[in-house]
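Now for the letters of each chain:
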Amino acid sequence: MNSIVQSQRQLELRELLSELRKDERISDDDVDMVLRKPRSKEDLAKHPLTFIAEQELEDRKNKGRLLDETALSHWLAEQAGLNHYDIDPLRVNTARVTEVMSFAYAKKYRILAVEVEPDKVMIACAEPYLTGWVDNLEHVLKKPIERVVANPSEISRYITEFYTLAKSISGASSDSAFALPSSGNLEAFMQLGELKDPDANDRHIVTIVDWLFQYAFDQRASDIHIEPRRTIGYVRFRIDGVLHTVYEMPAQVVIAVVSRIKSMGRMNIAEKRKPQDGRLKTKTPKGLEVELRLSTLPTAFGEKLVMRIFDPEVLLKTFNQLGFGPNERDRWQNMIARPDGIVLVTGPTGSGKTTTLYTTLKMLATPKVNVCTIEDPIEMVEDSFNQMQVQHSINLDFAAGVRALLRQDPDIIMIGEIRDRETAEMAVQAALTGHLVISTLHTNDAPSAITRLLEIGLPSYLVRATLLGIMAQRLVRTLCPHCKVEGELDEELWNELVAPWKAEKPARVYKPVGCLECRNTGFRGRQGIYEILPMSTEVQKYVINECDLAAMRRQGMKEGMRTLRLSGAQKVAAGVTTIEEVMRVAPAPINR
């Protein structure tokens, strides 16, 4: 590209196409087709690589692949002799990079600072042959600049997003209404309620909250945490089960952001001393309605807010998409197909129990049956069944809710959680009177649910008479399909995973690498692993007051039950996840 280098001009479509043709990445016909295509004012404003990418040309050097913008920007970096940089907004310190240059300067030269170190600044550019700005910026910053090439569309997008957010944070911080006490001790901070409330409807705060939601949806977050500290607050996203810090804000801005979200969730803004729950509904950038469950907690430095995001597509998923294997799906469907009895789903918080229950109820809720739920709180509002929420303030707990539901001519009842003897007894009564009851418990594995019911106070004969089966579950992160590579099997780790039972070694296993699609974690998405124990005649013999869990587990294994770890081992053998990931979430069987 000597002509471009010498002229110090912006990249032009015709010259780029010519160079791509010389490199045999496209054909003469492709060049003619792109040049003949009429370009609107909007197209002329686009970076030429973006316009070429939109034509969806086949990459002649990589059969079956298209020349998308990422491939083209990698090619451009190679041509310019620079490194390519994948911008991950979670790893960019927005506050620092926006201080490097003004918004107008970044927009003019299509450049964006992506890393600010004590001894250098890394700047991503979309025009690698425009270098006039480098000396000027190095003179101002008093630091050397390392140039890298990045995706032009991403540079344009993040220039707007980063600077808009930085401007809103700065504007909100400078508002005198948000001033905090100058004293730094804990007692001073506990007097926040006496200050003038931050204006939750300030335009800067509205912009920050809107960005927060859009950003969370874009990053596939399942939870948003807003955590106040003494002088600064943190915004963290939980993505694929792992928390990532995405932004730091001044403490006074965090107060206003929490107030804004509480207002949207119809919570009491003035009440900052006790926990509150709320919910709100909004839309994703794709136009899908999404529900968020809000929960506040008073802490030493203000209210901490957690928002659980409920994916609207969850209710559209099949059992296969949730991670059920053929054997597990058949065993689960056989249990829930019964007209009466109790089916339990067990596992810790965040193990996917709610998703399993809703997917199951969605399948069962035909026009021929009456499906009712009692929940605390209602996780997702669904039109195909009747949902009731626990209200402790009026003594409407799970037991009272089930008692009321039994007078509503139900066929299937879902109880959010069996927490005490009274609720367990109501569940048994519902099962004995001809209803299918589905509920959850917090236990480590399936057999442990039996001992929990007995400890709560249920007689063993009632458990034997009503319990149809138990399913324990966990969520494992799945390997990114774009970058996973074949690895070597660690036989010692494999034997530990499947012990004490024998399991055939997999022909191949895969390991995580990391790419732009998975945010360099090597994992993208999650699937369930399941331990399903139907209550057969033989298993029921072990349901006694002094029940032998190890013997019950062995009997279940004889009848086809796979432990959580064995279920995970199948996922490892199928190339879905790793041994380490399964061992991280699945407990070793107790009393082997």
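The rules behind each value
Residues numbered from 1 in each chain as written. Predicted model: local features only at pLDDT ≥ 70, side-chain atom pairs only at ≥ 80, totals over all residues. Heavy atoms only, no water. Helix = DSSP H or I, 4+ residues; strand = E, 2+ residues; numbered from the N terminus. Contact = heavy atoms within 4.5 Å. Areas by Shrake-Rupley, 256 points an atom, 1.4 Å probe, with all protein chains shown as cover. Lys, Arg positive; Asp, Glu negative; His and termini not counted. Charge placed at Lys NZ, Arg CZ, Asp CG, Glu CD. pLDDT = per-residue confidence, 0-100. Pairing = 2+ DSSP bridges. Axes fitted to C-alpha atoms, helices over the stretch in contact; angles between N-to-C directions. Buried < 20%, exposed > 50% of the residue type's maximum accessible area, 1.4 Å probe, protein only. Polar contact = N/O pair within 3.5 Å; in protein donor to acceptor, adjacent residues only side chain to side chain.

## Description of the overall build of the protein chain
Move 1: Of regular secondary structure, the protein chain possesses 25 helices and 19 strands.
Move 2: Expressed along its principal axes, the backbone C-alpha trace of the protein chain runs to roughly 90 × 65 × 50 Å.
Move 3: Partitioning the contacts of the protein chain with sequence separation of at least 6, the portion at a separation of at least 24 is 64%.
Move 4: If you sum the accessible surface of the protein chain, you get close to 28000 Å²; carbon and sulfur atoms cover 47% of it.
Move 5: Between the centroid of the 77 positive side chains of the protein chain and the centroid of its 81 negative side chains there is a distance of 1 Å.

## A look at the confidence of the model for the protein chain
Parts of the model with low pLDDT should not have their predicted coordinates read in detail.
Move 1: Taken over all residues, the pLDDT of the protein chain has a mean of 87, while the share at 70 or more is 93%.
Move 2: When the elements of the protein chain are averaged for pLDDT, helix α11 (residues 186–189) gives the smallest value, 36, and strand β11 (residues 341–346) the largest, 96.
Move 3: pLDDT under 50 marks residues 1–7. Its contacts with residues more than four places away, or in other chains, come to 11 contacts.
Move 4: In the model, residues 176–198 has pLDDT below 50 throughout and makes 37 contacts with residues more than four positions away in sequence or in other chains.

## Structural notes on the environment of F213
Move 1: Mapped onto the fold, F213 is located in helix α12 (residues 203–218).
Move 2: In contact with F213, other than residues within four places in its own chain, are I224, I261, M264, L280, L292 and M307.

## A closer look at the sheet that holds strand β2 (residues 111–116)
Two modes of strand pairing occur in sheets, parallel and antiparallel, and in both the strands are linked by backbone hydrogen bonds.
Move 1: Sheet architecture is open: four strands sit in the order β1-β4-β3-β2, paired in mixed fashion. Only two strands of the sheet have a single partner each, and these edge strands are β1 (83–84) and β2.
Move 2: Inspection of the sheet shows β1 paired to strand β4 (residues 145–149) by two bridges, in the parallel sense. Bridge pairing in β4 links H84 to V149.
Move 3: Most of the contacts of helix α9 (residues 132–141) go to β4, to which it runs at about 135 degrees, and overall it touches β2, β3 (121–125) and β4.

## Observations concerning the environment of Q252
Move 1: Turning to its location among the elements, Q252 is positioned in helix α13 (residues 251–264).
Move 2: For Q252, a relative accessible area of 16% gives the class buried.
Move 3: In the structure, Q252 is positioned 24 residues away from P228 in sequence and 9.0 Å away in space, judged by C-alpha atoms.

## Comments concerning the side chain of D59
Move 1: Mapped onto the elements of the fold, D59 is located in the loop between α5 (48–54) and α6 (69–80).
Move 2: Note on D59: relative accessible area 3%, which makes it buried.
Move 3: At 3.1 Å, the side chain of D59 and the backbone nitrogen of K61 are in polar contact.
Move 4: Side-chain polar atoms of D59 contact the side chain of N62, separated by 2.9 Å.
Move 5: Other than its neighbours up to four places away in sequence, D59 contacts R25, R65, L66 and L67.

## Overview of the side chain of E328
Move 1: Its location among the elements puts E328 in helix α15 (residues 326–336).
Move 2: The residues touching E328, leaving out its near neighbours within four places in the chain, are G323, Y530, I532, S567 and Q570.

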